[in-house]
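Secondary and tertiary structure notes
Here is what each chain is made of, one letter per residue.
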Amino acid sequence: MKGSVLVVGAGPTGMRASSELVNQGFKVILVEEKPTIGGKMAQIDKMFPTNECSTCTILPKMLELTSNPNVTIFSFANVESIEGEPGDFKVKVIKKPRYVEPARCTACTDCFGVCPVGDIPMEFNLGRGTCKAISFYSPFPPRKALINPDKCTYLIEGKCGDKEIPPCVEACKPEAIVFDQKSQAVEFNVGAVILATGMKEVKSGLLKEYGYSKFPNVLTGLEYERLLSGLGPTEGVVKRDDGREPKSFCWYVFDNCSSVGFMTAVAQSLGTIERKPDATITVLHGNYALQRESYKDFYLKAKESNINFVQTNSITSVKETGRNLEICFNNKMITVEMFILIPPLSPTESGRRLAEKIGLELDGLGFIGKKSGYSHLVRTSRKGIFVCGSALAPKGIDHAVIQACSAASGAVSLLVTERGKEIVAPPQKDLLPVRPQDEPAILVVICQCGKNIAGLLDMEELVEYTKSLPNVKDVEITPFGCDGVKIRELLKTKDFNRLVLGACSPKTHEDLFSLHAEMGGLNRYLMEIVNLRNQCTWVHSKDKKKAMDKAKTLMRMGVKRVRLLESLEEIHVSVTPACLVIGAEPDGISCALKLAEANLDVYLVEKCNRLDRIEKNDSPFVKDMIEELSRDKRVKVYTGSEVGRAEGFVGNFRAEIVTPEGKENVKIGSIVVATKTKMSTDSDEGDFEKDLLLQRDENGFFIGMLGILNPLDFNTEGVFRCGSAREEMGTLDAIVDGEAAASRVAGIISQKELVKSPAISFVVDEYCDGCAYCIDPCPSNAITLIEYMTADGGIKKTVEVNEAVCRGCGVCMATCPKRGIFVRHFKPEYFEEMIKAVVGV
Amino acid sequence: MPDLAKKIDGKKFMWDKSYYSTDEEAHEKMAQYRKDGFEAECLEEIGNYLVYTRRLVTVIVLEDGDQIL
């Protein structure tokens with residue numbers, strides 16, 4: 001039996017499955033056919049129905065995986081074969097030649113400048129924008145150059161330039177270019193397989209009827225996403241082929257699209273009207289039943305934004321007249337400057353081929369299908385091989401992520417005895433001891449971020465300026481700080497006890513940079529990130545002087561702050577390996593069973609005695625699950641019961657179960673709410689919903705955390721919702737939802753302890769007089785008031801912070817009138833120094 | 001100067017700001033504090049005995065008279 005899992009496809013679904021598995025102690029081999037990870041999500045601008053920025057959402061997840069030693073990523077590779085049995089599959093992967101050795105490529109881009117072959121349409125931008133014959137595939141990881149063998153002069157003609165050595169080879173200092181690189185087969189064994197091979201737009205001859213590939217300003221939806229994207233060929237400014245910015249648009253959603261196609265048009269039209277409020281937008285569409293409330297709300301928002309939605313069965317003609325396009329439908333004609341087609345979606349070619357090779361059944365559209373009757377959504381006809389996301393059928397990202405968690409849960413059940421056997425422990429930290437009284441010796445590393453920062457800021461000027469700041473010992477430039485090479489190398493000299501990174505947003509990169517700092521031997525809390533990219537070169541992209549002035553100010557602030565920072569140690573919190581599942585509908589039952597299969601204890605509470613009888617209309621799946629539940633020793637079922645008070649924090653909750661026989665207190669590490677039914681008692685017994693800060697919407701469903709990648713999470717860490725607790729759904733979806741919640745829970749309670757940031761509130765007892773103003777505003781209920789005696793008989797007051805519960809939000813610090821409480825790593829004096837740096841005091 | 005606050009069994013205790021020369025003296029004081037409903041702990045530090053106490057406040061009255069339950 002192997003304790004590792006093969007995940008095929010590194011879009012949001014495959015990435016999420018990988019992340020769930022690693023969190024639960026299983027090694028992952030992630031195979032992606034494209035040279036970079038992220039899938040279609042990396043190509044789109046914003047996601048429906050939350051309108052979140054796709055890049056900002058997925059990039060931290062990409063970096064989390066690429067820096068995890070227990071995830072091996074084979075990008076630009078295909079799975080050739082999968083043989084064997086559940087628990088021991090033999091896998092063969094073919095790595096395609098890049099002609100660049102990834103381990104040696106430092107992403108310096110020196111080779112790009114000397115390559116004589118340019119103007120090659122960028123595949124990632126779907127033909128828009130150009131690149132050299134040696135280039136990056138996309139702005140996303142793994143950021144390694146590759147050579148296009150169909151365009152490279154040396155690969156085609158055997159010679160490039162006047163010299164014997166091609167210019168790119170001459171420019172490449174790390175000697176990463178390998179022209180004789182061939183496809184390479186890699187074989188390994190895994191215990192389970194998850195297919196997350198995604199989908200693609202169907203660009204059949206059908207599109208030609210509507211002017212696609214005939215008229216340059218007729219695009220597909222995905223092509224239009226690249227125009228909307230800030231990382232796209234037009235940097236987020238929608239432009240026609242002639243460079244003009246269009247003001248009139250039409251979308252056509254093909255009749256045989258799912259609601260996904262329609263929602264794509266809604267999101268794109270909203271993204272367009274946000275940029276151009278005076279744009280004229282028409283969306284032509286078929287008849288779609290939007291079942292999800294969130295989809296309906298998103299559609300209504302678009303309608304209220306003056307987007308004209310028109311139902312039509314077909315378009316009769318599309319003509320180009322001068323610069324415009326004339327579109328005829330429903331006996332009407334409209335004239336627009338850009339026409340966007342939302343075609344049907346089909347599985348990727350590689351996904352379909354692999355499914356056929358390993359003997360999985362496909363449905364009429366080529367998606368991985370089910371035989372008949374009731375079948376589990378993410379299981380396939382081959383035991384040990386799971387499928388999730390758009391490889392099954394087109395769906396929204398949140399839905400795909402849930403299926404990914406469910407598939408991970410299935411793989412864990414199969415391999416539970418091998419948990420932790422193949423993963424490697426994180427390396428021991430060997431950190432430089434730094435005392436507050438030590439003279440700061442600051443290293444500044446400025447990241448060029450390709451052209452993102454270096455394209456606008458004069459690097460040399462910024463380096464010279466930064467060198468003049470107090471306690472700065474060295475300033476270096478790196479092409480991409482996120483690879484960590486220069487940061488680690490310089491810190492390992494032990495010549496520095498503070499680090500300032502002039503780079504990008506801490507929101508996306510702080511964890512990664514912290515990891516690099518620690519690998520270099522520096523405590524992560526002695527590092528400061530200055531956001532040169534988002535806050536200087538992006539927002540002031542049209543004003544070099546302003547960008548540079550701001551960059552200098554921010555660097556000054558960063559250096560001033562880092563001088564005061566102190567080493568901090570992470571907080572370790574033990575975990576109770578048990579879960580409370582509230583509600584025994586199919587979602588709650590499937591959640592409980594999956595946790596039990598993962599060798600974790602469960603308390604399952606149901607109010608209505610439903611488990612005592614098997615309903616006539618229950619599916620065979622549900623009947624089987626109820627029978628299984630009765631045999632499972634790890635699940636303790638409380639029928640006719642409710643949940644009273646609940647308290648605690650992630651990893652360590654306590655809850656009161658109110659049974660007909662009396663109350664029982666249980667200790668659990670996590671809680672799942674799997675029902676919409678009110679399960680808490682109204683009287684003196686307490687209300688777990690209030691205690692855990694859970695909220696419901698106007699329809700009675702529980703409101704989850706914001707963010708499309710967290711559909712099952714509450715804002716209260718360690719508490720999850722699934723199935724009917726979050727929206728109306730059918731039995732099969734509810735089962736998958738419950739299993740997905742089990743995966744989220746197991747990611748917490750299968751660990752012995754949780755590591756928590758020390759950047760939490762700290763009481764200065766010399767100043768705190770127990771006025772208690774900080775207690776009520778604390779959103780985590782982390783602060784309590786205590787009294788203490790003095791020897792002269794006086795009674796004094798102060799506050800106490802529950803370190804496990806505090807999230808370091810800083811509300812207490814803002815409330816305190818006496819400087820009696822602050823958040824570690826964010827002391828008031830740090831801010832004072834930064835403000836002085838701005839005003840020049 | 002000893003720490004004003006100490007974590008004992010995960011709970012915050014505060015020093016009563018007095019040095020006791022013997023264990024008996026410290027325990028006598030602790031008994032007094034306990035009578036008043038305080039939890040009390042004794043720690044030995046560089047030849048001195050230090051007494052730390054705490055009592056959880058359940059009804060909180062702010063300076064402006066508002067009450068938090």
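You'll find the structure just up there.
Below is a short write-up of the structure. Fair warning: this is a prediction, and the values are worked out from it, not measured in the lab.

Considerations on the overall build of chain B
Along the backbone of chain B there are 1 helix and 6 strands. Taking 69 residues into account, the globule formula puts the C-alpha radius of gyration at 11 Å, and chain B, at 14 Å, lies well above it. Each principal axis of the C-alpha atoms in chain B carries an extent, and together these give about 45 × 25 × 20 Å. Considering chain B as a whole, with its 69 residues, one finds that 38% of them fall into the buried category. At a minimum sequence separation of 6, the contacts of chain B that also span at least 24 residues come to 41%. A gap of 3 Å separates the mean positions of the 10 positive and 15 negative side-chain charges of chain B.

Remarks on the overall build of chain A
In terms of regular secondary structure, chain A is built from 21 helices and 42 strands. Computed over the C-alpha atoms, the radius of gyration of chain A is 29 Å, within 12% of the 28 Å expected from 2.2 N^0.38 for a compact globule of 841 residues. Dimensions along the principal axes, computed over C-alpha positions, put chain A at roughly 90 × 75 × 55 Å. Considering chain A as a whole, with its 841 residues, one finds that 57% of them fall into the buried category. Contacts in chain A between residues at least 24 apart in sequence constitute 69% of all its contacts with a sequence separation of at least 6. With an accessible surface of roughly 35,600 Å², chain A has 49% of that area assigned to carbon and sulfur atoms. Within chain A, the 111 negative side-chain charges are centred at a point lying 3 Å from the centre of the 105 positive side-chain charges.

Quick look at the interface of chain B and chain A
In this assembly, 26 residues from chain B lie in contact with 24 residues from chain A. Summing the contributions of chain B and of chain A, the shared interface buries around 2,100 Å²; its carbon and sulfur component is 59%. The interface formed by chain B and chain A includes 3 salt bridges. Among the salt bridges present, the one from B:R55 reaches A:E787, with a minimum N-O distance of 2.8 Å. Put simply, chain B and chain A have 9 residue pairs in polar contact (both at pLDDT 80 or more) between them. For the side of chain B that touches chain A, the secondary structure elements donating two or more residues are β1 (5-8), β2 (11-20), α1 (23-35) and β4 (48-56) of chain B. Ranked by residue count, the leading element in the side of chain B that touches chain A is β2(B), at 8 residues.

Brief notes about a nonpolar patch on the surface
All names here are of chain A. Together, F826, F831, I835, V838, V839 and V841 make up a nonpolar patch on the protein surface, roughly 560 Å² of accessible area in all. Note that V839 resides in helix α21 (residues 828-839). Judged by its relative accessible area of 56%, V839 falls in the exposed class.

Remarks on the sheet that holds strand β31 (residues 601-605) of chain A
Residue and element names in this part refer to chain A. Strands sit in the order β32-β31-β30-β36-β37 across an open sheet of 5 strands; the sheet is parallel. Both edges of this open sheet fall to β32 (635-638) and β37 (719-721), since each of them pairs with a single strand only. Across the sheet, the mean angle separating the axes of adjacent strands is 20 degrees when strand polarity is ignored. Inspection of the sheet shows strand β36 (residues 670-673) paired to β37 by 3 bridges, in the parallel sense. Bridge pairing links V672 to F720 in β37. The strands touched by helix α19 (residues 731-749) within the sheet are β30 (578-582), β36 and β37, with β36 carrying the most contacts at an inclination of about 170 degrees.

What to know about the sheet that holds strand β28 (residues 527-531) of chain A
Sheet strands pair via backbone hydrogen bonds, and the direction of the pair is either parallel or antiparallel. Residue and element names in this part refer to chain A. The strand order across the open sheet built from 4 strands is β26-β25-β27-β28, with neighbouring strands paired in parallel fashion. Either end of the sheet is taken by a strand with one partner, and the two such strands are β26 (472-478) and β28. Averaged over all neighbouring strand pairs, the angle between strand axes comes to 15 degrees, with direction disregarded. Two strands pair when backbone bridges link them, and strand β25 (residues 442-447) and β26 are joined in this way by 6 bridges, in the parallel orientation. Its bridge partner being in β26, C447 is matched across the sheet by T478. Across the sheet, helix α13 (residues 506-519) lies against β27 (498-503) and β28, angled at about 145 degrees from β28, the strand it touches most.

What about the packing of helix α11 (residues 459-467) of chain A against helix α15 (residues 544-564) of chain A?
All names here are of chain A. Packing of α11 against α15 leaves a shortest axis separation of 10 Å and a crossing angle of 30 degrees. One element, α11, and the other, α15, form an angle in the roughly parallel class. Regarding α11 and α15, the two cross each other, and that crossing is right-handed. Here E461, L462, Y465 and T466 of α11 lie close against α15, whose contacting residues are M548, A551, K552, M555 and R556.

Some remarks on the packing of α15(A) against α21(A)
All names here are of chain A. As a packed pair, α15 and α21 sit with axes 8 Å apart at the nearest point and diverge in direction by 150 degrees. Classified by the angle between their axes, α15 and α21 sit roughly antiparallel to one another. Both α15 and α21 take part in a crossing whose hand is right-handed. Contacts between α15 and α21 involve T553, R556, M557, K560, R561 and L564 on the former and, on the latter, E829, Y830, E833, M834, A837 and V838. Considering only residue class, the contact of α15 with α21 consists of 6 nonpolar, 1 polar and 5 charged.

Regarding the nonpolar core
Residues and elements named next belong to chain A. Core analysis: the largest hydrophobic core is formed by 84 residues, its most contacted members being L21, I194, V581, L595 and V672. Ranked by the residues each element gives to this core, the list is headed by helix α10 (residues 397-415), at 11 residues. Non-local contacts of V581, meaning those with residues more than four positions away in its chain, are made with G588, C591, L595, V602, Y603, L604, V605, V672 and A674. The next biggest cluster of nonpolar side chains, apart from the first, holds 51 residues, and it includes Y212, V218, V253 and A302.

Notes on unusual backbone geometry
Residue and element names in this part refer to chain A. For the peptide bond that leads from F48 to P49, omega is 0 degrees, which places it in the cis range. If you trace the backbone, P49 turns up in the loop between β3 (46-47) and β4 (52-53). Note that the residue after P141, namely P142, is joined by a cis bond; omega there is -5 degrees. Residue position: P142 is located in the loop between β10 (134-135) and β11 (146-147). Notably, T109 is not glycine yet its phi reads approximately 70 degrees, a positive angle. The residue T109 is located in the loop between β7 (88-95) and α3 (110-114) in this model. A relative accessible area of 27% places T109 in the partly exposed class. Its identity is not glycine, yet R819 carries a phi of approximately 55 degrees, on the positive side. Secondary-structure assignment places R819 in the loop between α20 (811-815) and β42 (821-823). Among the residues examined, R819 registers a relative accessible area of 45% and is labelled partly exposed.

Points about the pairing of strand β6 (residues 77-85) of chain A
Residues and elements named next belong to chain A. Here β6 runs beside β7; their pairing, made up of 8 bridges, is antiparallel. Bridge assignment links N78 to a residue of β7, and that residue is I94. As consecutive antiparallel partners, β6 and β7 are separated by 2 residues, and within that stretch G87 has a phi angle of approximately 95 degrees, a positive value.

A closer look at the pattern of salt bridges
Residues and elements named next belong to chain A. For the coordinates displayed, the defined rule picks out 56 salt bridges over all chains. K46 is the partner of E274 in a salt bridge, and the nearest nitrogen-oxygen pair spans 3.3 Å. On the criterion of sequence distance, the pair formed by E274 in helix α7 (residues 259-275) and K46 in strand β3 is long-range, its members being 228 residues apart. Here E274 falls in the partly exposed class, since its relative accessible area comes to 38%. For K46, a relative accessible area of 25% translates into the label partly exposed. A salt bridge links E689 to R696; the nearest nitrogen and oxygen atoms lie 2.8 Å apart. By relative accessible area, R696 is classed as partly exposed at 26%. Each member of the salt-bridge network shares a partner with another, and the members are R292, D398, R726, E727 and D737.

The rules behind the values
- Residues numbered from 1 in each chain as written.
- Chains lettered and ligands numbered in written order.
- Predicted model: local features only at pLDDT ≥ 70, side-chain atom pairs only at ≥ 80, totals over all residues.
- Heavy atoms only, no water.
- Helix = DSSP H or I, 4+ residues; strand = E, 2+ residues; numbered from the N terminus.
- Rg over C-alpha atoms; globule rule 2.2 N^0.38 Å.
- Buried < 20%, exposed > 50% of the residue type's maximum accessible area, 1.4 Å probe, protein only.
- Contact = heavy atoms within 4.5 Å.
- Lys, Arg positive; Asp, Glu negative; His and termini not counted.
- Charge placed at Lys NZ, Arg CZ, Asp CG, Glu CD.
- Areas by Shrake-Rupley, 256 points an atom, 1.4 Å probe, with all protein chains shown as cover.
- Buried area = accessible area lost by both parts, 1.4 Å probe.
- Salt bridge = Lys/Arg side-chain N within 4 Å of Asp/Glu carboxyl O.
- Polar contact = N/O pair within 3.5 Å; in protein donor to acceptor, adjacent residues only side chain to side chain.
- Patch = residues over 30% accessible without salt bridge, like charges linked within 9 Å, V, L, I, M, F, W, Y side chains within 5 Å.
- Pairing = 2+ DSSP bridges.
- Axes fitted to C-alpha atoms, helices over the stretch in contact; angles between N-to-C directions.
- Parallel < 35°, antiparallel > 145°, perpendicular 65-115°, else oblique.
- Left-handed = near helix turned anticlockwise from the far one by under 90°.
- Nonpolar A, V, L, I, M, F, W, Y, C, P; charged D, E, K, R; others polar.
- Core = buried A, V, L, I, M, F, W, Y, C linked by side-chain atoms within 4.5 Å.

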